[in-house]
Structure formats: C-alpha cells, structure tokens
Amino acid sequence: MISANNVTLRVGKKALFEDVNIKFTEGNCYGLIGANGAGKSTFLKILSGELEPTNGSVALTSGQRLSFLKQDHFQYDEFSVLDTVIMGNQRLYDIMKEKDAIYAKEDFTDEDGIRASELEAEFAEMDGWNAEADAASLLNGLGIPTEEHSAVMKTLQGSQKVKILLAQALFGNPDILLLDEPTNHLDLDAIAWLEEFLINFENTVIVVSHDRYFLNKVCTHTADIDYGKIQLYAGNYDFWYESSQLLIKQMKEANKKKEEKIKELQEFISRFSANASKSKQATSRKRALEKIQLDEIKPSSRKYPYIDFRPEREIGNEVLTVDNISKTIDGEKVLDHVSFVMGHDDKIAFVGSNELAKTTLFQILAGEMEPDEGNYKWGVTTSQSYFPKDNTAIFDTDLSITEWLTQFSEIKDATYVRGFLGRMLFAGEDGVKKMKVLSGGEKVRVLLSRMMIENSNVLIFDEPTDHLDMEAITALNNGMIKFPGTILFSCRDHQVVQTTANRIIEFMPDGSIVDKVTTYDEYLESDEMARKRQVYSMSESDAADN
C-alpha cells in the first residue's frame, strides 16, 4: 500500500495540491485523471519520492518495491536492451553484475567464495534464474523481436526505447507500479498487450493516461484531480464521468429546492413580519432561513475545445483510387503494391504496427512524397486537409499563430481567424504567440484549427491525439464522428478508432494490406477468432500425427 498524508505542494504562491489524503491499496488499478496542468505527473513524482511535497508525507508499506516508468530515453544508451529491462529491479541487476565480477577473478579467494554463496542465495530467492526469460517475454509482448534483445539501446529508434522502458517498469513484479502515459507511442497491438498485463497484475497500479478506452479496460478506481484536491471514485473512467455528472446534477437539484424554500420563507417574512399575530411565525421562519446553506458547486477546471469540421462542398461518388503503390525507404520495402478504392461514405482507420507504412502512404496522398511505383487519383469534387505526425517544419517560422492561420483562410480578417483559435482555447493575446514557442498540445490545436478553417471534405490524420489531453481528444473524437465527409486516419486511441471508422485497413509487416468493411472491435474479434482457429487446427494436426 502507498498513501499520501496531508500532502501540500506549493509552486511560488500557488498551491498545486493542498491537504491531499488518499490511499492506494493492493490489487487495484487507479486511473489518475485531471485537466492539463492539474498536476497528474507531479503527483506521481511525489509518490515515487522524486519530488518532496511542501507539507505532508508519503508512506509506503515496509519492504515493498516501487517501480516508476521513466521518460528519459537516453539514460540507458550504453546498455543492452535486456540489461536495461532487468535494471527495473536494481537490486537483482546489481547482484548479477557483482556475481559476474567475482567469477571473472583469476585469484578467487575464500572470501570471494563466501560472498558468491551469499549472492547466489539472494539471487535464487529473487527468482534470478528466470530474469532473462521474464525480460524477454515482456519485450516480445510489447513487439521488440528477440534478435534485438542484445542490441545496444543507442542504436534503437525512439518508439522502441519507449517500449523497452515500459518493459523495465513492469519487470520483476513490483509491489507498486507508477505509469505516466504508458500508451504514448505504443501501437494498438502493444496497447492491447499492456491492457491484458495490467488486468492480470495483482499488485497496486497508479496510471496517468489520456486513453479513455485504456482507462476503462484496466482501472478499478479513478482518482480525479481538480482544484488541488483528489477525489476517489470506485470504478473506471466511464463510471467516474457518470458519477461526477450525477453528483453535480443532484447538487443543482438540491440547491433549486433550497432556493424555492428560501423564496417561500422570504415572502412569508416580508408579508407578516409587521403582523403582531404572525410575528412569532415570522421569527421562526427567519431562523429557518438562516440555517439554509446552498451547496457550493465549483465549475470543473477542465476546458473542452470546440472542434467542428464543416466541408464547403459536398463530396461526390468518386473520392480516391490507389493503384499498386509501392515505396522503398532506406532499402526497406515500406509499401508493396497497395491498392484500394475509397467511397464517399468511408471513414478508414489504418492500423497495424507498421507505422512507417501508414505515414508514408499519407505523405504520398498529401502530395509530399512520390511513390516508386503505381499511382493515385483524387476525385474532382474532393479537397484535402492533412494532419502530419511530424510537424517540426511547419512550426519553424517567425509568424504568430494568427498570421500563420490567416494564410489558409478565404476570409483574411484577424477577428474571423481568432474565432477559430478561440474555439481551440487560445484566448486573448494567445493569438500573437509565435509558432516557434508553442507546446506540443498547442501545436496540435493550431493544426486542427487549420483543418477547420480550410473547410475540406477529405481529412487525413496521422496520429492526431498525441500531445492532447482527455478533453481535447473527446472533442476531436466527436468532431470526427459528426464530419459528413470522408476520413483516412491512424490513431493510437482505441475509442477514436472504434467510434469513427467504418472500414479497417491493416498494414502488414511486409507492406501489404488487409482491407475490411467493419468496426475496429469487430475486426479485432474476427482476427482473434482466426488466430484461435489456426492454433486449434495446428493442435488437431499435432494430435493426429501422434
């Protein structure tokens, strides 16, 4: 168990948390939620001991081991992948290295033998003989192939490092597991694996995530940070949302009844306070009036942007034809004779672990890259807006947000353009901010503002939910669902994919595709059933051979 006792954290004069008391118990998974800036990551750092609170304390059950998902992708650059994962249990890793050093000695002494014996006993007690196999199992589950387990960390891509650091946090069955945005940069297959891992994890988990489906799947409790307080709810994210909305509704209804009672008492007092025969009744009602207290209903600190894509022109029947497109990048076949036809009612989610294939296809369709073979053709009634995964070049400019966005608006009026920025929570003087200084979340909201102001009837999104908070993801999800045009998109948010797409195209590792008209959940179910049928068929075949 881990608990926060009267924890207060002040940054300058502002209290980020004040007198927080909360216990996290064994066998439960707690989703820590709140608006951007509410202090979710900061609270995890307080629990982990990386940050000292201004007042109060954190208590951890004696003898328990805490593991915290680290975000420093360069800390382990000189270590092998397997060693990096095993470092998740630092004591076990230290024992392994000390043992190796003793056994490597040429002049092995009696003292060395005694020390080695002590280390071997502790090593066996910690299940050290299975350490490498357990680490390899975690890596394979997250999509890191066995041939890369001996690689040096600095030779790997950032997305692979994210998975390895996650495996490190999960390694060795920690008693307390703190996860800060564990699904960031994971593909949907890896997220599904992590969901199953956490569902079966028997110790304490505290997780910060913007993925609503993930929180619903793994969480037994929800801890909501709002106005420096943490309110604990039994249940997942959807249960929290329904409970919090119901609580506010009940408080408003109770206040309404109190206001009606106050009005009734005030009218009686006003009418009969001067009447001698009714003066006692009026005095009694004055006392009753003084006792009525309205419940204080604080508005949530959460802010939802307004995302509404409105195409200027209705789309025709011919939208997009992709014919045998192939592309090789750095000697690797990324797209291999990809062909499909998009209809005017299609909202296509591109899924699978081959992220480069998805990004490459989107860049080709957006006109930013040429295919090696094949071609594509947009319908004459179509207009496209593209949200790129890598937006570095876009924001390398000295223009302000308003100046940059005005370039894409038919109406060259600053007030009109600022209206779109206002919908995306850029208030007041935010419009004169330079593009270069924006945060990751602000950049995404600027790009979504551009897509709204362009009024296109085809939208292309390459991982649009990265860097967005829960409220912005919800608003984007609703905007995609309502959009009357066509959409091609990739997204790590399961709920966005499930509620938006009516067609799934999966990129296979060899660059080919599987194309099905279905929802994402139905696709996963059919895919799982196909795997089960294959396994069953193989087992029957083995049984027959025996």
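Structure first, text after, so check above.
Cut-offs used in this document
Residues numbered from 1 in each chain as written. Predicted model: local features only at pLDDT ≥ 70, side-chain atom pairs only at ≥ 80, totals over all residues. Heavy atoms only, no water. Helix = DSSP H or I, 4+ residues; strand = E, 2+ residues; numbered from the N terminus. Buried < 20%, exposed > 50% of the residue type's maximum accessible area, 1.4 Å probe, protein only. Contact = heavy atoms within 4.5 Å. Axes fitted to C-alpha atoms, helices over the stretch in contact; angles between N-to-C directions. Parallel < 35°, antiparallel > 145°, perpendicular 65-115°, else oblique. Left-handed = near helix turned anticlockwise from the far one by under 90°. Nonpolar A, V, L, I, M, F, W, Y, C, P; charged D, E, K, R; others polar. Expected span 1.5 Å × (residues − 1). Polar contact = N/O pair within 3.5 Å; in protein donor to acceptor, adjacent residues only side chain to side chain. Pairing = 2+ DSSP bridges. Phe/Tyr/Trp six-rings, centres within 6.5 Å; stacked < 30°, edge-to-face > 60°. Lys NZ or Arg CZ within 6 Å of the ring centre and 35° of its normal. Core = buried A, V, L, I, M, F, W, Y, C linked by side-chain atoms within 4.5 Å. Salt bridge = Lys/Arg side-chain N within 4 Å of Asp/Glu carboxyl O.

Scanning the chain from N- to C-terminus turns up 17 helices and 18 strands. A principal-axis box enclosing the C-alpha atoms of the chain has dimensions of 105 × 75 × 60 Å. Of all 546 residues assigned to the chain, the portion counted as buried reaches 46%. Within the chain, contacts between residues at least 6 apart in sequence are counted, and of these 68% link residues at least 24 apart.

Interaxial distance between helix α9 (residues 237–272) and helix α10 (residues 279–291) falls to 9 Å at its minimum, and their mutual angle equals 150°. Between α9 and α10, the angle is such that the two are roughly antiparallel. When you trace α9 past α10, the crossing you get is left-handed. Contacts between α9 and α10 pair Ile262, Leu265, Gln266, Phe268, Ile269 and Phe272 from the former with Ser279, Gln281, Ala282, Arg285, Lys286, Ala288 and Leu289 from the latter. Classifying every residue of the contact of α9 with α10 by side-chain character gives 8 nonpolar, 3 polar and 2 charged.

This part takes up α9. Helix length check: α9, at 36 residues, gives a terminal C-alpha distance of 52 Å against a target of 52 Å (1.5 Å per residue), a fit within 8%. Among the residues of α9, those classed as buried are Tyr237, Trp240, Ser243, Ser244, Asn255, Ile262, Leu265, Phe268, Ile269 and Phe272. The inward-facing, buried residues of α9 abut β3 (29–33), α8 (212–218), β8 (221–226), β9 (229–234), α10 and α15 (470–482). The N-cap of α9, judged by a side-chain oxygen 3.3 Å from the amide nitrogen of Asp238 a few residues on, is Asn236.

As summarised here, the arrangement of the 6 strands in space is β14-β15-β16-β12-β17-β18, forming an open sheet in which the pairing is mixed. Of all strands in the sheet, those bounded by a partner on one side alone are β14 (384–387) and β18 (513–516). Sheet twist, expressed as the mean angle between neighbouring strand axes with direction ignored, is 15°. Here strand β17 (residues 503–507) pairs with β18 via 4 bridges, running antiparallel. Paired with Ile505 across the two strands is Asp515, which belongs to β18.

On to the sheet that holds β3. Within the open sheet, the 6 strands sit side by side as β5-β6-β7-β3-β8-β9. Their pairing is mixed. Only two strands of the sheet have a single neighbouring strand rather than two, namely β5 (66–68) and β9. Between one strand axis and the next, the sheet turns by 15° as a mean value, whatever way the strands run. Pairing of β3 with strand β7 (residues 204–208) involves 3 bridges; the strand directions are parallel.

Attention now goes to unusual backbone geometry. The backbone of Asn6 sits at a positive phi, close to 55°, despite the residue not being glycine. Counting through the fold element by element, Asn6 comes out in strand β1 (residues 2–11). A positive phi angle is found at His337, which is not glycine, with a value near 50°. Inspection of the secondary structure assignment puts His337 in strand β11 (residues 332–342). On the basis of relative accessibility, which here comes to 41%, the residue His337 falls in the partly exposed class.

Further remarks concern the packing of aromatic side chains. Summed over all chains, the structure comprises 18 aromatic pairs. With a centroid separation of 6.4 Å and 15° between ring planes, the pair formed by Tyr103 and Phe108 is classed as stacked. Each residue in the set Phe309, Phe387, Phe461 and Phe483 is aromatic and connected to the rest through ring pairs, giving one cluster. Taking the ring centre of Trp129 as reference, the NZ or CZ of Lys99 above it sits at 4.8 Å. Sitting over the face of the ring of Phe268, Arg285 holds its NZ or CZ atom 3.8 Å from the ring centroid.

If you look at soluble globular proteins, the nonpolar side chains tend to sit buried side by side. In this structure, Leu179, Phe309, Leu448, Phe461 and Phe489 are the most contacted members of the largest nonpolar core, which totals 94 residues. Residues contacting Phe489, with those up to four places away along its chain left out, are Ile348, Ala349, Phe350, Phe362, Phe461, Met480, Val496, Val497, Thr500 and Ala501.

At a minimum axis distance of 10 Å, the contact between helix α3 (residues 90–103) and helix α4 (residues 110–125) shows a crossing angle of 150°. As far as their axial angle goes, α4 and α3 are roughly antiparallel. Note on packing geometry: the crossing formed by α3 with α4 is left-handed. Residue-level inspection shows Arg91, Leu92, Ile95, Met96, Glu98, Lys99, Ile102 and Tyr103 of α3 in contact with α4, the latter providing Asp112, Arg115, Ala116, Leu119, Glu120, Glu122 and Phe123.

Looking now at the pattern of salt bridges. In this structure the tally under the stated criterion is 27 salt bridges. In this structure, Glu18 engages Arg10 in a salt bridge whose closest nitrogen and oxygen atoms are separated by 3.1 Å. Arg115 is the partner of Glu118 in a salt bridge, and the nearest nitrogen-oxygen pair spans 3.3 Å. In this pair, Glu118 and Arg115 are both assigned in helix α4, 3 residues apart and thus about one turn of the helix distant.

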